[in-house]
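# Descriptive analysis of the structure
This is what each chain is made of:
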Amino acid sequence: MSKDVVFDLGGVVFRWQPLVLLQELFPEQVRSEDIAHEWVSQIFETFHPEADWALFDLGRIEPEALALRIAARTGLAEADLLRLIDGIPAHLQPIPGTVDLIHELKAQGHRLYYLSNMPAGYADHLMRKNAFFSQFEEGIFSAHVHQIKPLPDIFATAQARWPVRGKPVFIDDVQHNIDAAEQHGWQGIRFETPDQVRKALRGRGYLGA
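So, here's what we can say about the structure. (Residues numbered from 1 in each chain as written. Predicted model: local features only at pLDDT ≥ 70, side-chain atom pairs only at ≥ 80, totals over all residues. Heavy atoms only, no water.)

## Section: the packing of aromatic side chains
- Inspection of the entire model under this criterion finds 17 aromatic pairs.
- For the ring pair Tyr114 and Phe133, a centre distance of 5.4 Å and an interplane angle of 80 degrees mean the geometry is edge-to-face. Of this pair, Tyr114 sits in strand β2 (residues 111-116) while Phe133 sits in the loop between α7 (120-129) and β3 (138-141), placing them 19 residues apart in sequence. In this structure, Tyr114 and Phe133 share a single accessibility class: buried.
- Measuring from ring centre to ring centre gives 5.0 Å for Tyr114 and Phe141, while their planes differ by 50 degrees; the resulting arrangement is tilted. Highlighted residues: Tyr114 in strand β2 and Phe141 in strand β3, separated in sequence by 27 residues. As far as the burial class goes, Tyr114 and Phe141 line up, both buried.
- Here the aromatic residues Phe7, Phe14, Tyr114, Phe132, Phe133, Phe136 and Phe141 are joined through ring pairs into a cluster of three or more. (Phe/Tyr/Trp six-rings, centres within 6.5 Å; stacked < 30°, edge-to-face > 60°. Helix = DSSP H or I, 4+ residues; strand = E, 2+ residues; numbered from the N terminus. Buried < 20%, exposed > 50% of the residue type's maximum accessible area, 1.4 Å probe, protein only.)

## Re unusual backbone geometry
- Cis geometry is adopted by the peptide bond preceding Pro150, which originates at Lys149 and carries an omega value of 5 degrees.
- Tracing the sequence through the fold places Pro150 in the loop between α8 (142-145) and α9 (152-161).
- Of note in the backbone geometry, His146 takes a positive phi value of approximately 55 degrees without being a glycine.
- For His146, a relative accessible area of 41% gives the class partly exposed.

Shown next as structure tokens:
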């Protein structure tokens, strides 16, 4: 039976390893994983909905203004922050096992959607570079609707826009996003690896043995 599956993108469909990214971009300043953790904490503030980066994901701020805000708050160099912002699209490489899973689910007749916190520039880059977006029926980027996970309005928007049936499965790597989806009446699978998600979907009858 055809069912509906909703994918997060960053950290699920595309690589998202900010500790690695920072050490690659700034080998002189970020000399250890501890320093990388400190930078990640200062820059991204766990991506909570009131964070500076959330304004970027919401489409309410441009890269230059984002770098200026974070620099003023943290003391990090504005030029370094702009370099980080500019370097993220190239970092967001597809995770092969998840792409295989997308094709497998589509081939079995399931309807696929995506729901992603993503600034518009990154979203446009990913759509241009990755032909497998054709496997999705529809999708929502936070910057395009000015709504963001885990707040409930973005799930309500998705529910209103998409002809989802019953309780779609939502796959995300962040637990509070999973919790929000489940509170909305969806099913949740916390992403760890493509194989782990495949097993979970098989257990729920979405894939054959």
